[in-house]
Amino acid sequence: MKKIKKTQARTSFRNHQIDYPEVIDMDTLSYTSDDDLDRRMGYLSAERERAVHSDVDPRPWEEEICYVQREQRIRNGRRF
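What you are looking at is a predicted structure, and each value in this text was computed from that prediction instead of being measured.

What counts and how
- Residues numbered from 1 in each chain as written.
- Predicted model: local features only at pLDDT ≥ 70, side-chain atom pairs only at ≥ 80, totals over all residues.
- Heavy atoms only, no water.
- Core = buried A, V, L, I, M, F, W, Y, C linked by side-chain atoms within 4.5 Å.
- Buried < 20%, exposed > 50% of the residue type's maximum accessible area, 1.4 Å probe, protein only.
- Helix = DSSP H or I, 4+ residues; strand = E, 2+ residues; numbered from the N terminus.
- Expected span 1.5 Å × (residues − 1).
- Arc of directions from axis to C-beta.
- Axes fitted to C-alpha atoms, helices over the stretch in contact; angles between N-to-C directions.
- Parallel < 35°, antiparallel > 145°, perpendicular 65-115°, else oblique.
- Left-handed = near helix turned anticlockwise from the far one by under 90°.
- Contact = heavy atoms within 4.5 Å.
- Nonpolar A, V, L, I, M, F, W, Y, C, P; charged D, E, K, R; others polar.

## Structural notes on the nonpolar core
The tendency in soluble globular proteins is for nonpolar side chains to be buried side by side.
Phase 1 of the analysis: Within the largest apolar cluster, 11 residues are counted, these being I18, I24, L29, L37, M41, L44, A51, V56, W61, I65 and V68.
Phase 2 of the analysis: Listed by contribution, the elements that provide at least two residues to this core are helix 2 (34-53) and helix 3 (59-79).
Phase 3 of the analysis: Residue contributions to this core peak at four residues, all from helix 2.

Okay, here's the thing in structure tokens:
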């Protein structure tokens with residue numbers, strides 16, 4: 001499965017500048033350390049909440065969160 005790379009854009013609403021999340025391909029995620037995956041998950045979740053509070057569509061963050069969760073599930077399955 002290959003991720004489609006999106007262009008980076010800025011959305012402005014109520015004087016808030018919100019950058020869309022950085023798109024990281026699946027190959028890079030597969031080589032990322034567990035700690036970095038956890039940090040990315042926390043960052044994406046916080047940014048998603050920020051987008052929701054700014055009335056911006058949270059879908060780009062949710063998609064990236066899903067990819068991180070998928071990688072974490074794969075790793076947990078391998079551990080067991």
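Now that the structure has been shown, we can carry on.
## As for helix 3
Phase 1 of the analysis: With 21 residues, helix 3 should reach 30 Å at 1.5 Å per residue; the first-to-last C-alpha distance of 30 Å fits that figure.
Phase 2 of the analysis: Taken together, the buried positions of helix 3 are P60, W61, E64, I65, V68, E71, Q72 and R75. Viewed along the axis of helix 3, the buried residues span an arc of 135°, placing them on a single side of the element. Opposite the packed face of helix 3, turned more than 90 degrees from it, sit the exposed residues R59 and R73.

## So, the packing of helix 2 against helix 3
Phase 1 of the analysis: Where helix 2 contacts helix 3, the axes come no closer than 9 Å and their chain directions differ by 150°. Between helix 2 and helix 3, the crossing angle belongs to the class labelled roughly antiparallel. By crossing handedness, the relation of helix 2 to helix 3 is classed as left-handed. Contacts from D34, L37, D38, R40, M41, L44, S45, E47, R48 and A51 of helix 2 reach helix 3 at W61, E62, E64, I65, V68, Q69, E71, Q72, R75 and R79.
Phase 2 of the analysis: A per-class count over the contact of helix 2 with helix 3 returns seven nonpolar, three polar and 10 charged.

## Concerning the environment of C66
Phase 1 of the analysis: Turning to its location among the elements, C66 is positioned in helix 3.
Phase 2 of the analysis: Take C66: its relative accessible area is 45%, and that puts it in the partly exposed class.
Phase 3 of the analysis: Taking the C-alpha atoms as reference, C66 lies 9.4 Å from M41; in sequence the two are 25 residues apart.

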